[in-house]
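Observations on the three-dimensional arrangement
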Amino acid sequence: MHEDQFWDIVGLMLNNEASPAQLEQLDEHLRKHPELRKKFLLMHAIWNTREEEQTDLPAAFARHMQRLNTHLASPVRTDDVSPQNSRSRGIRKLIWIPAAAAALVIVFGSVALFKSGSRHQTASVNTVSTKPGSRSRIQLPDGTTVWLNADSRLDYEEDPGGATRNVHLSGEAYFDVVRNKERPFIIHTAAIDIRVLGTAFNVRSYENEKNTETSLFRGSVEVIPHNDPERRIILKPLEKLIVQNSREPAGRVASMPTPDPGDDKPLMSISSVHVEPNDSTAKEILWTRNKLSFNSESLEEVALKIERWFDVKVTITDARLKSKRYTAVFDYENLNQVMEALRITGNFTYTIRKKEVVISP
Amino acid sequence: MDISSDIKTLQERIALYEDMNAYKALYELLYPRLHRFSVAIVKSPETAEEIVSDVFIKLWELRRKLGEIQRLGVYLYTVTKNLSLNYITRRSETPLANLDLDDVSTVVELRGPLEQFISAETIAEIRRAINDLPPRARIIFQLTREDGMKYKEVAAVLGISVLTVRNQLALAIKRLAQALPDHVPVTHLPHIFSKS
């Protein structure tokens, strides 16, 4: 074998691309030329030694996210880094996006249905569910988009032909419903039904929470409590309706009247959706932008949100800590950073071990 | 690339769920390689970081179509290459279509166990041998050794034939071998063979 051929095969071998025949040739050649063996071994060693990574990756990513957010926020996005002379087909596809985006979202929407969390089908009903710590975005057959928050479940009809479009929700979801006056969209939760014409709103109805909340952003919805269908409420944009999930004592929700012992009717109140002055995203739907937020919520409520968001278990050892209220917005921070920020304001201590957080005085 | 299946999993999560955690994981997985590659062309690590950031901005804008891209790793390398070349082009009069550059700065580090039995002199020799390689051979050496890319992938990213990649790598290895001393205490070598 010529020397050049030898190094060619060495190259293939180092890159794990040599065929068995080639490896045999290599072996044969090394046997015949023992003087090459040392250099060969050294080459092998040089090839396999790698430098350790020096970059602070989380910091670099944080800087990147700043740029991404700036880029997405600017009204006119000039793409002055796109190459003029590029012959790469990949770059051309980028410019081509806008026309086909709508169609593609539907394709991925239906693919998501087959792959996401858990899915089963009985007759014509599909289920999409999310685990704690993960969020999902789905497109329904009629074009309605649903963002499903962590630990939630949505059941919907695959081929809705009826007079109404129906879904069942347990958990939290943000809906952007496609307008159709002929076929009202109805969301069923444990405590209430929400009747929609074409609109964007957030529904929060977790089993282990005291209230079901509906926040309206665009359009109009009609909220019908199960226990009291006569007491329908129509929401206007930026109004929020809070309904108690069951007949628990009114306790600490100040805006709700104390019930009569014999009164079975659900307690409800209307308030406004909270809009941050510096950020046009309302607090209720910050989660759709991957921000974790607390809006004057008790530590107990905060703990529950953290459990869902990070998929951990939170225990508060001292009941006196539970009632203190917190307001905060977190942006891609991890569990440690969130707990540390809360600890400083809240004057408590905490430990994190694997997937368990313990909060103590 | 041995991380192809990791890339694929993250790619799916981004395309289907707009999963920010997957996006972050993909960034952290690929940043070191793409950055290294960009630095080879643009020289400045700060510029390279911005370029990789631009690549990931494009990736985010493309998120819904991401499922369509077959070899995302190769694709991202190619975008990095194009943006890097573009940066250079805008700073000079002559447009550059390929990597026929005068000056490609590659990072070839030889550390750890190697220092124990090869003298500093020899290491310097090896570095010199690599820097004396033609730019193309040098970049190919970096992409295969540092980033674990297959010949086919390197060929796709650089826009050259697989045969050229193979020849260039063989050349690089031969030149390197020639720079090595004839006397090396071989008994120490076997410990470094396992790539973890």
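Placed above this text is the structure.
Structure report, in brief. As the structure is a computational prediction, the values presented were derived from the model and not from experiment. (Residues numbered from 1 in each chain as written. Chains lettered and ligands numbered in written order. Predicted model: local features only at pLDDT ≥ 70, side-chain atom pairs only at ≥ 80, totals over all residues. Heavy atoms only, no water.)

1. A word on the nonpolar core
- Tyr23(B), Leu26(B), Phe56(B), Leu59(B), Leu72(B) and Leu158(B) are the most contacted members of the largest nonpolar core, which has 84 residues in total.
- When residues of this core are assigned to their parent elements, the largest contribution, 13 residues, is made by helix α2 (residues 20-42) of chain B.
- Not counting residues up to four positions away in its chain, the partners in contact with Leu59(B) are Ile14(B), Tyr23(B), Leu26(B), Leu66(B), Leu72(B) and Leu76(B).
- One finds Leu299(A), Ala303(A), Val338(A) and Leu342(A) within the second-largest nonpolar core, a separate group that totals 30 residues. (Core = buried A, V, L, I, M, F, W, Y, C linked by side-chain atoms within 4.5 Å. Buried < 20%, exposed > 50% of the residue type's maximum accessible area, 1.4 Å probe, protein only. Helix = DSSP H or I, 4+ residues; strand = E, 2+ residues; numbered from the N terminus. Contact = heavy atoms within 4.5 Å.)

2. Regarding the sheet that holds strand β19 (residues 356-360) of chain A
Residue and element names in this part refer to chain A.
- The 3 strands lie next to each other as β16-β19-β18, forming an open sheet whose pairing is mixed. The sheet is open, and its two borders are formed by β16 (313-316) and β18 (349-353), each paired with just one other strand. For this sheet the average axis-to-axis angle between neighbouring strands, irrespective of direction, equals 15°.
- Relative to β19, β16 is paired through 4 bridges, and the arrangement is parallel. Bridge pairing in β19 places Lys-313 opposite Glu-356.
- With respect to the sheet, helix α6 (residues 299-310) is in contact with β16 and β19, its orientation differing from that of β16 by roughly 160°.
- Its contacts with the sheet place helix α7 (residues 335-346) against β18 and β19, and it is angled at close to 170° to β18. (Pairing = 2+ DSSP bridges. Axes fitted to C-alpha atoms, helices over the stretch in contact; angles between N-to-C directions.)

3. Points about the packing of aromatic side chains
Residue and element names in this part refer to chain A.
- Following the criterion strictly, the structure yields 13 aromatic pairs over all chains and no others.
- On the basis of an interplanar angle of 65° and a centroid distance of 4.8 Å, the ring pair of Phe-6 and Trp-7 is categorised as edge-to-face.
- A residue is classified by how much of its surface remains accessible, and Phe-6, at 0% relative accessible area, is buried.
- One Lys or Arg, Arg-308, reaches over the ring of Tyr-206 and ends 3.2 Å from the middle of that ring. (Phe/Tyr/Trp six-rings, centres within 6.5 Å; stacked < 30°, edge-to-face > 60°. Lys NZ or Arg CZ within 6 Å of the ring centre and 35° of its normal.)

4. Let's talk about the packing of helix α8 (residues 151-158) of chain B against helix α9 (residues 162-179) of chain B
All names here are of chain B.
- Orientation of α8 relative to α9, taken along the N-to-C sense of each, is 110°, at an axis distance of 8 Å. Classified by the angle between their axes, α8 and α9 sit roughly perpendicular to one another. The crossing of α8 and α9 is right-handed. Together, Tyr-151, Lys-152, Val-154 and Ala-155 of α8 and Val-162, Val-165, Arg-166 and Leu-169 of α9 make up the contact between the two elements.
- Here the contact of α8 with α9 is composed, by residue class, of 6 nonpolar, no polar and 2 charged. (Parallel < 35°, antiparallel > 145°, perpendicular 65-115°, else oblique. Left-handed = near helix turned anticlockwise from the far one by under 90°. Nonpolar A, V, L, I, M, F, W, Y, C, P; charged D, E, K, R; others polar.)

5. Description of the environment of Arg320(A)
All names here are of chain A.
- Relative to the assigned elements, Arg-320 resides in the loop between β16 and β17 (325-331).
- In this structure Arg-320 comes out as exposed when scored by relative accessible area, which is 71%.
- Each C-alpha atom, one on Arg-320 and one on Ser-360, is 9.9 Å from the other, the two residues being 40 residues apart in sequence.

6. Considering the packing of helix α1 (residues 3-14) of chain A against helix α2 (residues 20-32) of chain A
Residue and element names in this part refer to chain A.
- Remark: α1 packs on α2, axes separated minimally by 10 Å, with the N-to-C direction vectors making an angle of 125°. Accordingly, the angle class assigned to the pair α1 and α2 is oblique. The crossing of α1 and α2 is left-handed. Mapping the contact onto sequence places Gln-5, Phe-6, Ile-9, Val-10, Leu-12 and Met-13 in α1 and Gln-22, Leu-23, Gln-25, Leu-26, His-29 and Leu-30 in α2.
- Of the residues belonging to the contact of α1 with α2, the class tally is 8 nonpolar, 4 polar and no charged.

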